[in-house]
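Residues per chain are reported as follows:
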Amino acid sequence: MLAAYACRATHAHGTRVWVVTDGQPLPVAEEGRGLALSDGTLVSEAMTGGTLLHEGMLAALPFGCGALEFVGADPAALRALLHAGPLLTLAVEGVQAREARRGHGRIAETVEGLMRRLGGSLDLAEVLTVTAQSAALALGFRRAFVALFSELRDGGARTGEVFTYGFTQPFTGGIGVGPVTFETLVQRGEAIRFERGRDHESPLARGLQELNPETAVIAPLSARGQALGLLYVDTTDPVPATDDDARIVLALAEQAALAIDNARLYGIETRKREAAEALREAGAALAGSLHLSDTLQQVLERAVALFHADAAAVYETQPDGRSINIRSAVGLPSEYMLRVRAKVGVGVTGRAVAQGTRVAARDLTAEDHGGSSRYARQLLANGTYPYRGVVSLPLRVGPTVFGALTLYWTAPLPLDGDDLALAGVFASQAGLAIENARLYEEEQLREREAGALLAVSRVLSERADGSAGPVTNAGPVTDEALQGAVREATLALHAGRGLLALFSEEQAAPGAARPVTRCATYNLHPRTRRNSRTSPRSSDAAPAH
């Protein structure tokens, strides 16, 4: 209205109204034609000097909070309008105040609508999705997303999972935040307005090239002094984003950040409680068996279930101290298990054993960790390694590392710092359980060996005359005693057949074998119908010929 009135009053070809916003004069309305002749320089000079200025067909008339720019205006009419400066100032400031009140009311209404929709929810996914949708609807834009930071570094950041509204294609791999955007959003806490026509040559335009927006508003998400992520709203329609739009998105982001942080903290506490319960159950399950094979299977199954891994393996150090082999695994290809011979100090697993600390690769195919074995390095070089995320945890008893528990994911490593700490606790439990089972089996083996030796000694000490003494070639050890000795030795070794031979005490000729004087067998010559009457029984003892 002001532009139209000024144009008629001064008989101008065209009139433009400029108003100072955020310290800069901006055009807010225009009427007529010929305004392309102006670049705003004369307006800035008139506002700085506070006087009416002429330059060719252009004229600039300053007033309180802005200026009127004319093309081809009547000089006498301009001088007459100059006396209406205070009245123009009052009118424009009144309109600005009304718009500001309207903007604050719109912000309050939008924030209230967001909180009403959230309803105090502590479901992080729901909070993020509702925030994105509310921001898009509040501005009348088509698309929005909320992304939380997964990595923060000096001068940049990267987001993790992205929750979207209005996008037809899913986001993969997160979103990078460059240094300029990072400084504005995170360090200064300001919103960013992007318009393609104005900012098409900016670094932000190159960063948004894949999204291809006409207009976008980006606001930071931060709560309790911590940067959480960003809220992005855009449209592919050629409509401008006003200061009010930026303030609305910023207000939504501030309020949503609190809800997001509450949901995030609640999720962390819930996960800690669930992790503690899972560890308790895992510890009870691992302590429930002292058989090594069962314990290894329990360790692997619990690790895969607890950390949602695609495969897991327990590696065991070899006596040479330089290599580690897979002792047991789940989910690994058979060829991988057969061909992997890892070296201590090389690759993820080898470094975990050598250093005695957790070693993780978020994406082994993209990071320079190398392979623990020649076969793994060959797969990595060919681009056919089946896993991307890998974490290896040392298995130890006291200061001694005796192996490693390695987990594999076909996707990038999904574990955060809390999950990795939990994995370390689980590996400590697993190491104790495996060592206890190993010691138990060693003790069982020693008991079986002692029992077998005692049984053989008892059988051999039984003689025909009822006396007992050491075994000799000529001594009165009965055939039954020899038969019992070979039977006990065979059974103790879990063998199918056995042979006990006694050699002559006479020294044989050089190069000749010592003759066998007596022998006994167990299950060595099964009887048949043909020789059952003429041959000795399969467990008989007989002199050698």
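Residues numbered from 1 in each chain as written. Predicted model: local features only at pLDDT ≥ 70, side-chain atom pairs only at ≥ 80, totals over all residues. Heavy atoms only, no water.

So, the overall build of the chain
For the chain, the count of helices and strands is 15 helices and 20 strands. A buried classification covers 42% of the 545 residues belonging to the chain. Across the chain, every contact between residues at least 6 apart in sequence was considered, and the portion connecting residues at least 24 apart equals 54%. Taken as a whole, the chain presents about 29500 Å² of accessible surface, with 53% of it coming from carbon and sulfur. (Helix = DSSP H or I, 4+ residues; strand = E, 2+ residues; numbered from the N terminus. Buried < 20%, exposed > 50% of the residue type's maximum accessible area, 1.4 Å probe, protein only. Contact = heavy atoms within 4.5 Å. Areas by Shrake-Rupley, 256 points an atom, 1.4 Å probe, with all protein chains shown as cover.)

Some details on the packing of helix α10 (residues 292-307) against helix α14 (residues 417-460)
Taken N-terminus to C-terminus, the directions of α10 and α14 make an angle of 170°; their axes are 9 Å apart at the nearest point. Here α14 runs roughly antiparallel to α10, going by the angle between their axes. The residues of α14 that touch α10, namely those facing Leu-292, Ser-293, Thr-295, Leu-296, Val-299, Arg-302, Ala-303, Leu-306 and Phe-307, are Asp-419, Leu-422, Ala-423, Phe-426, Ala-430, Ala-433, Ile-434, Ala-437, Arg-438 and Glu-441. The residue makeup of the contact of α10 with α14, split by class, is 13 nonpolar, 2 polar and 4 charged. (Axes fitted to C-alpha atoms, helices over the stretch in contact; angles between N-to-C directions. Parallel < 35°, antiparallel > 145°, perpendicular 65-115°, else oblique. Nonpolar A, V, L, I, M, F, W, Y, C, P; charged D, E, K, R; others polar.)

Some words on the pairing of strand β1 (residues 14-21)
Counting buried positions along β1 gives 6 out of 8 residues, so the element sits mostly inside the fold. Note: β1 against strand β5 (residues 66-71), 6 bridges, orientation antiparallel. Looking at the pairing, Val-17 lines up with Leu-68 of β5. Two strands pair when backbone bridges link them, and β1 and strand β2 (residues 24-32) are joined in this way by 8 bridges, in the antiparallel orientation. Within β2, the residue paired with Thr-21 across the bridge is Gln-24. (Pairing = 2+ DSSP bridges.)

Section: the nonpolar core
Side chains that are nonpolar tend, in soluble globular proteins, to be buried together. Counting 37 residues, the largest nonpolar core has Leu-139, Leu-221, Leu-231, Val-233 and Ile-260 as its most contacted members. Element by element, the count of residues in this core is highest for helix α9 (residues 243-286), at 12 residues. Setting aside residues up to four positions removed in sequence, Leu-221 forms contacts with Val-146, Leu-148, Gln-226, Ala-227, Leu-228, Gly-229, Leu-230, Leu-231, Ala-253, Ala-257 and Ile-260. By size, the runner-up hydrophobic cluster in this structure holds 29 residues, among which are Val-299, Ala-303, Leu-393 and Phe-402. (Core = buried A, V, L, I, M, F, W, Y, C linked by side-chain atoms within 4.5 Å.)

Remarks on the environment of Val-233
Relative to the assigned elements, Val-233 resides in strand β11 (residues 226-235). Residue class for Val-233 comes out buried when judged on its relative accessible area of 0%. Sequence-wise, Val-233 and Val-249 are 16 residues apart; in three dimensions their C-alpha atoms are separated by 8.1 Å. Here Val-233 is in contact with Ala-135, Ala-136, Leu-139, Phe-141, Arg-143, Ala-144, Thr-215, Ala-216, Val-217 and Val-249, once residues within four sequence places are set aside.

A word on the side chain of Ser-323
Structurally, Ser-323 is set in strand β13 (residues 323-330). Among the polar contacts made by the side chain of Ser-323, one reaches the side chain of Asp-320 at a distance of 3.3 Å. (Polar contact = N/O pair within 3.5 Å; in protein donor to acceptor, adjacent residues only side chain to side chain.)

A short note on helix α5 (residues 124-139)
If you check α5, its first and last C-alpha atoms are 23 Å apart, about what 16 residues at 1.5 Å a residue would give, namely 22 Å. Among all positions of α5, only Val-127, Leu-128, Val-130, Thr-131, Ala-132, Ser-134, Ala-135, Ala-136, Ala-138 and Leu-139 are buried. Capping the start of α5 is the job of one residue whose side-chain oxygen sits 3.2 Å from the backbone nitrogen of Ala-125: Asp-123. In the stretch just after α5, Gly-140 is the one whose phi turns positive, near 70°. (Expected span 1.5 Å × (residues − 1).)

So, the packing of α14 against helix α15 (residues 479-492)
Their axes nearest at 8 Å, the elements α14 and α15 cross at an angle of 170°. Comparing their axes, α15 and α14 come out roughly antiparallel. In this structure, α14 contributes Ala-452, Ala-455, Val-456, Val-459 and Leu-460 to the contact, and α15 contributes Glu-480, Ala-481, Leu-482, Gly-484, Ala-485, Glu-488, Ala-489 and Ala-492. Grouping the constituent residues of the contact of α14 with α15 by class yields 10 nonpolar, 1 polar and 2 charged.

Considering the confidence of the model for the chain
In the predicted model, the chain carries a mean pLDDT of 81, and 89% of its residues have values of at least 70. Confidence drops under pLDDT 50 across residues 528-539; counting only partners more than four residues distant or on other chains, this segment forms 12 contacts. (pLDDT = per-residue confidence, 0-100.)

So, the sheet that holds strand β15 (residues 359-361)
Pairing within the open sheet is antiparallel, and its 6 strands lie in the order β14-β13-β12-β17-β16-β15. A single partner strand is all that each edge strand has here, and the edge strands are β14 (342-343) and β15. Across 6 bridges, strand β12 (residues 311-317) lies against β13 in antiparallel orientation. What sits directly across from Tyr-315, in β13, is Ile-326.

Comments concerning unusual backbone geometry
The backbone of Arg-224 sits at a positive phi, close to 55°, despite the residue not being glycine. Assignment of secondary structure puts Arg-224 in the loop between β10 (215-223) and β11. With relative accessibility at 54%, the residue Arg-224 sits in the exposed group. We note that His-308 has phi near 55°; this positive angle belongs to a residue other than glycine.

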